[in-house]
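As a plain string of letters, each chain reads:
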Amino acid sequence: MTEHAPRPAADLARENEELRHRLQEAEELITAIRTGTIDALAVQAPEGPRIFTLEGADQSYRDLIEQMNEGALLLSQNDTVLYCNACLAGLLKAPLETMMGASFRDFVPADYLGYWQDLLTTGWAGKSKGEMPLLALDGQQRPVAVALNVLLFNQTPVLAIIITDVSEQREINAIRARVSEQNALLERQQETLRTQALAQRAAEQTAAETSRILEGIPHIAWTANPAGRNTYLNHRWFEYTGHDSHSDSAHSFSALIHPDDLPAAVQRWQECIGSGEALEIECRIRSASGDYRWMLGRALPSRNEQGDIIQWIGAYTDIHEHKMAQQRVAETQQQLRASNEQLLRINRDLDNFIYTASHDLKAPINNIEGLLAALLAELPAELMAGPAVEPLVGMMQDSVDRFKRTIEHLTEVTRLQKEHEQPPVLVELAPVVQAVRLDLTPLLEAAGAELEVDVARCGPVRISEKNLRSVVYNLLSNALKYRHPDRPPRVRVRCRASDEYQVLTVEDNGLGLQVAGNAKLFAMFQRFHDHVEGSGIGLYMVKRIMENAGGRVDVESTVGAGSIFSVYFRR
């Protein structure tokens, strides 16, 4: 590595003197440019010196530019400031003499250099405009609008730039924006006031129309504001209460509602005001005579287009007679419940009595039957065969047998009550009817009867199987026992279904009976044909069984033509 020999002091002194001379020439040149004492400037460019004319044929143009409120600037192609007016120097807080020959890029913020380069490129190609901040010497950034245009001076292109300070314009725009916002706010407020005025007029018209309608109805009518304060009462209220419409107490509901009804009425009214639900209450209100009468109070909220409640419209309807009727019905129902409970107790007592009587009577009748048998065994045979003893013995035995059957029937009635307490089950009809048919085969053959059965299409019925068999047996056996002597018996058993019931019918062509006005048709021990042996308990058993199962039994009959018994099983 070679080292350079130190330069002589004389050379250095001579070089410093040249630099001072050049600096002095530059300062004189700048002063001359600023004061206008020269009209051209030679700038050394890569391709050689270039001459820029500073004062042309018309000095007035330069005077005009100097007096402009916008900054004016001439740039060379390497961003050197060739000319700058006083307005731009003031905007950038820089002495005018320092602007000439400076690089304008020094006044561009670093984050806007790329944007500035794009403006220069477009400007040198023709024209360009933009907005950007410029960095003044005091460190402040001033927003400006720039307009760039290429000009030719002595056949040399330069970039003429007009720079406008837009900070005041922005403040003006901001003020204008605030003014516009305030104007818009005022317009909205005025529109709101106009809307409120229209709504007020509409409300007044609605209130007048409402008052006209409410005055014409035969009920007490009223209105209230959204808070629940009364605003109107029709003339029916003042007629009912006897109050003067101008007195304050005339508009107070609470002063006239019965004290026992007031707390619940006030609570319900407050709940409706809070929730917007319809009001419905029953309370007693004192009339002009001092009597309290039951009233049905109802009210609905009236809403505007936005769904807000604007008023309540209500009415009180006199329901005193209806309420008294309800009270009488309630008292009657209470009496009926008490009577039913008493009847239930009587029925239970009767069932217990029947059970006890049938149980207690079995032993004596069995003893009588045993004593009769012992007596007959002790009597001589010739005495037994006598015309006076034999009929008496037969009558005594028949009486004992009938007594025993009556006890059995009473026991059966008691059993029905106990079975009613058991839960019902589903039972198929066809197997039960077939089993009863087999049991009655001897009676069918003896009577020469025709039995037609069609129950296969019916579903199961809700009843105990034993009770179902009892119903079918009693109806079929009655149809055969009470047959007409002049024709062979014909019995048809059928089934049909409805929405609520399944119906089993037993139709015969027997003797028939008088149904109309016969209240004892299904009574216990009731018989309508004495020529046939029977106890008169069969139809009673059928009716009792069906009622216990939630069904019923009906009969259609014509004397001499036959009967149709229908039993209804609830589905």
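Residues numbered from 1 in each chain as written. Predicted model: local features only at pLDDT ≥ 70, side-chain atom pairs only at ≥ 80, totals over all residues. Heavy atoms only, no water.

Asker: Go over the overall build of the protein chain, please, and point to the residues and values.
Answerer: Helix and strand counts for the protein chain come out as 15 helices and 19 strands. In the protein chain, which comprises 571 residues, the share counted as buried stands at 32%. Long-range contacts, defined as pairs at least 24 residues apart, comprise 53% of the intrachain contacts of the protein chain with a sequence gap of at least 6. As presented, the protein chain carries roughly 35100 Å² of accessible surface, and 54% of it is formed by carbon and sulfur atoms. (Helix = DSSP H or I, 4+ residues; strand = E, 2+ residues; numbered from the N terminus. Buried < 20%, exposed > 50% of the residue type's maximum accessible area, 1.4 Å probe, protein only. Contact = heavy atoms within 4.5 Å. Areas by Shrake-Rupley, 256 points an atom, 1.4 Å probe, with all protein chains shown as cover.)

Asker: Mind laying out the sheet that holds strand 19 (residues 562-570), listing which residues take part and the relevant values?
Answerer: If you trace the five strands from one edge of the open sheet to the other, you get 14-16-17-19-18, paired in mixed fashion. Every other strand in the sheet has two partners, leaving strand 14 (450-454) and strand 18 (552-558) as the edge strands with one partner each. Across the sheet, the axes of successive neighbouring strands diverge by a mean angle of 15°, strand direction being ignored. Note: strand 14 against strand 16 (residues 490-497), five bridges, orientation parallel. Residue pairing in the sheet places Leu-451 in a bridge with Val-491 of strand 16. (Pairing = 2+ DSSP bridges. Axes fitted to C-alpha atoms, helices over the stretch in contact; angles between N-to-C directions.)

Asker: Please give an account of the pairing of strand 19 that cites residues and values.
Answerer: Here strand 19 lies mainly inside the structure; seven of its nine residues are buried. Strand direction decides the pairing type here: strand 17 (residues 501-508) and strand 19, joined by eight bridges, are antiparallel. Its bridge partner lying in strand 19, Val-503 is registered against Tyr-568. Note: strand 18 against strand 19, seven bridges, orientation antiparallel. When the bridges of strand 19 are listed, Glu-556 appears paired with Ile-564. The antiparallel hairpin formed by strand 18 and strand 19 contains three residues in its connecting segment, where Gly-560 sits at a positive phi of about 85°.

Asker: Hey, could you go over the sheet that holds strand 11 (residues 292-303) for me, with residue numbers and the actual values?
Answerer: Pairing is antiparallel across the open sheet formed by five strands, whose spatial order is 9-8-12-11-10. Either end of the sheet is taken by a strand with one partner, and the two such strands are strand 9 (230-233) and strand 10 (279-286). For this sheet, the mean inter-axis angle between neighbouring strands, taken without regard to orientation, is 25°. For strand 8 (residues 220-224) and strand 12 (residues 309-318), the ladder comprises five bridges, and the chain directions are antiparallel. Bridging across to strand 12, Thr-223 finds its partner in Ile-313. In the packing of helix 8 (residues 262-275) onto the sheet, the strands contacted are strand 8, strand 10 and strand 12, and the crossing angle to strand 10 comes to about 145°.

Asker: Hey, could you go over the confidence of the model for the protein chain for me, with residue numbers and the actual values?
Answerer: The predicted model of the protein chain has a mean per-residue pLDDT of 79, with 78% of residues at 70 or higher. Per-residue pLDDT stays below 50 along residues 54-58; that stretch engages in eleven contacts with residues further than four places along the chain or on separate chains. Segment residues 525-532: pLDDT under 50, and 21 contacts once partners within four positions in sequence are set aside and those in other chains are kept. (pLDDT = per-residue confidence, 0-100.)

Asker: Tell me about the packing of helix 14 (residues 465-481) against helix 15 (residues 538-548), residues and numbers included.
Answerer: Their axes nearest at 9 Å, the elements helix 14 and helix 15 cross at an angle of 145°. Between helix 14 and helix 15 lies a crossing of left-handed hand. The residues of helix 15 that touch helix 14, namely those facing Asn-467, Ser-470, Val-471, Asn-474, Leu-475 and Asn-478, are Gly-538, Leu-539, Val-542, Ile-545 and Met-546. (Left-handed = near helix turned anticlockwise from the far one by under 90°.)

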